[in-house]
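Chains, contacts and geometry: an overview
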Amino acid sequence: MARIFSGIQPTGIATLGNYLGALRNWVALQQGEDDCIYCLVDLHAITTFQEPAALREQTYTMAALLLACGIDPERSILFHQSAVSAHARLAWIFNCVARMGWLKRMTQFKDKAGKNQEEVSTGLFVYPNLMAADIHAYHATKVPVGDDQLQHIELANDIAEKFNHDFGVNFFPRIEPFVLKETARVMSLRDGTKKMSKSDPSDQSRINMTDDADAIAQKIRKAKTDPEPLPDNLAALADRPEARNLLGIFAAVSGESQETILERFAGSGFGPFKAALAEALVAHVEPIGKRTRDYLADKAELDRILQAGAHRAAAIAGPIADAAERIVGFLPR
């Protein structure tokens, strides 16, 4: 039996891309024999400034959404990162183990900081060390990731290897990333070459998991396409990113194969296709939004669930952080 760890930032509203690429798979992982630990990574969230009231509300919303998607707080551990001190304690040790050169090579920092690397927070620079601490605090060995996160797992393994070598121990195990079966690589509704993102300035670029039926239908109607009719084979979509994106979304939420959908709409324009896609999306997404709002109506219950999860998480991570501190030479707490 392995221990699985994964986290999501409680900033913005989770999108269809978050759901299809991660959250739906998290739910499926609960059905296996592995222990699943799911975390709202609010410490990561503040690497860029967050309005405190907004961060609190978004943390509740993300918790409600995870529950609405099917995360079972009895079967899995669900909690918010800041409630378990082991994450920050271990992250500081890893700040002192990781090398500057390792962090400078991290492509996500370059992407997020852009040309303003001298102006962003130091937290944004060292957050991969915190990500490593998130995983190693539970001696987790399996981490579901997308392709864009593989570099962070490599860094987490480098940190563990250096820690073990420096202190002559075999304490932190190696992490094995696994890229879950991706039903659709969900791209922006406004630009099929860019990933759908909850941080995109345009709300029209994404389907939020809390959108109602009218919003979903309107966004699909306005989604960027091209003037050509739909083809009868996938190969013909190679240079049509927007059409390929919408087809992938349709297949992911309907359960049909992309080939079957193309067979039904081949030769037609995007009008009938978009209408059917909107109907499939509404049927899949709107019930999740409703359950999310139901959970948000009882924040005392959300607090109870998150605090119970934090207690269970701390029971695992606390002793591991204690042991790491003893290894580096700290006196007992």
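Before going into details, it helps to say that this report is about the structure given with it. (Residues numbered from 1 in each chain as written. Predicted model: local features only at pLDDT ≥ 70, side-chain atom pairs only at ≥ 80, totals over all residues. Heavy atoms only, no water.)

**Details of the overall build of the protein chain**
Quick reminder of the rule: Note on conventions: DSSP H or I runs of at least 4 residues are helices, E runs of at least 2 residues are strands, and numbering of each starts at the N terminus. Throughout, the radius of gyration refers to the C-alpha atoms, and the reference size of a globule is 2.2 Å times the residue count to the power 0.38. Note on exposure labels: buried denotes an accessible area under 20% of the residue type's maximum, exposed denotes more than 50%, and partly exposed covers the range between, all computed with a 1.4 Å probe on protein chains only. Here, residues are in contact when the closest pair of their heavy atoms is within 4.5 Å. Each accessible area value is a Shrake-Rupley result obtained with a 1.4 Å probe; residue values ignore everything except the protein chains displayed when judging cover. Positive charges come from Lys and Arg, negative ones from Asp and Glu, while His and the chain ends are left out of the count. The atoms used to mark charge sites are NZ of Lys, CZ of Arg, CG of Asp and CD of Glu.
Looking only at helices and strands, one finds 13 helices and five strands in the protein chain. Here the protein chain has a C-alpha radius of gyration of 21 Å; the compact-globule value for 333 residues is 20 Å, and the two agree. Across its three principal axes, the protein chain shows a C-alpha extent of roughly 70 × 45 × 40 Å. Taking all 333 residues of the protein chain together, 48% fall into the buried category. Of the contacts formed within the protein chain by residues at least 6 apart in sequence, a portion of 76% connects residues at least 24 apart. Accessible area for the protein chain stands at about 15,700 Å²; split by element, carbon and sulfur atoms hold 52% of it. Seen as two clouds, the 37 positive and the 42 negative side-chain charges of the protein chain have centres 3 Å apart.

**Considering the side chain of glutamate 242**
Our working rule: N or O atoms within 3.5 Å of each other form a polar contact, as long as, within protein, one can give a hydrogen and the other can take it, and as long as residues adjacent in sequence are counted only when both atoms are side-chain atoms.
Considering the arrangement of structural elements, one finds glutamate 242 in helix α10 (residues 241-254). Note on glutamate 242: relative accessible area 10%, which makes it buried. Within the structure, the side chain of glutamate 242 is placed 2.8 Å from the backbone nitrogen of glycine 192, a separation counted as a polar contact. Once you skip the residues sitting within four places of it in the chain, glutamate 242 turns out to touch Asp191, Gly192, Lys224 and Thr225.

**As for helix α9 (residues 213-222)**
Heads up, the rule is: As used here, the arc is the angular range of directions from the helix axis to the C-beta atoms.
The complete set of buried residues in α9 reads Ile216, Ala217, Lys219 and Ile220. Across the axial projection of α9, the buried residues extend over an arc of 165°, all falling on one side. Opposite the buried face of α9, by more than 90 degrees, sit the exposed residues Asp214, Arg221 and Lys222. By the N-cap criterion, in which a side-chain oxygen at the helix start approaches the backbone nitrogen of a residue two or three places on, α9 is capped by aspartate 212, the distance to aspartate 214 being 3.3 Å.

**Structural notes on the packing of helix α4 (residues 86-97) against helix α8 (residues 150-167)**
Convention followed: Axis geometry follows a simple rule: fit a line to the C-alpha atoms, using only the stretch in contact for helices, then measure angles between N-to-C directions, giving values from 0 to 180 degrees. Any angle from 65 to 115 degrees is called roughly perpendicular, while one under 35 is roughly parallel, one over 145 is roughly antiparallel, and all others are oblique.
The geometry of α4 relative to α8 is characterised by a closest axis approach of 10 Å and an angle of 80° between their N-to-C directions. Considering their axes alone, α4 and α8 lie roughly perpendicular with respect to each other. When α4 is examined against α8, the residues Ile93, Phe94 and Val97 are found in contact with a partner set consisting of Ile159, Lys162 and Phe163.

**Regarding unusual backbone geometry**
Look at histidine 139: it is not a glycine, yet its phi comes out positive at around 50°. Relative accessible area serves as the criterion here: at 23%, histidine 139 is assigned to the partly exposed category.

**Looking at the packing of aromatic side chains**
Let me state the cut-off plainly: Stacked, tilted and edge-to-face are the three classes assigned to paired rings of Phe, Tyr and Trp, where Trp is represented by its six-membered ring and a pair needs centres within 6.5 Å; plane angles under 30 degrees give stacked, over 60 edge-to-face, the rest tilted. Ring-over charges, as used throughout, are those where CZ of Arg or NZ of Lys falls within 6 Å of the ring centre and within 35 degrees of the ring normal.
Following the criterion strictly, the structure yields 12 aromatic pairs and no others. Aromatic side chains phenylalanine 163 and phenylalanine 171 sit 6.5 Å apart centroid to centroid with 40° between the ring planes, which places their arrangement in the tilted category. The exposure class of phenylalanine 171 is buried, given its relative accessible area of 18%. Ring centres of phenylalanine 270 and phenylalanine 273 lie 6.1 Å apart, and the angle between their planes is 85°; on these two criteria the pair is classed as edge-to-face. Remark: phenylalanine 273 and phenylalanine 270 occur in helix α12 (residues 270-296); sequence separation between them is three residues, near one turn of the helix. On the basis of relative accessible area, phenylalanine 270 is assigned to the buried category, the value being 8%. For phenylalanine 273, a relative accessible area of 1% translates into the label buried. Directly above the aromatic system of phenylalanine 178 lies the positively charged group of lysine 142, at a separation of 5.2 Å from the ring centroid.

Note that every value here comes from positions in space, so none of it alone points to a role or purpose.
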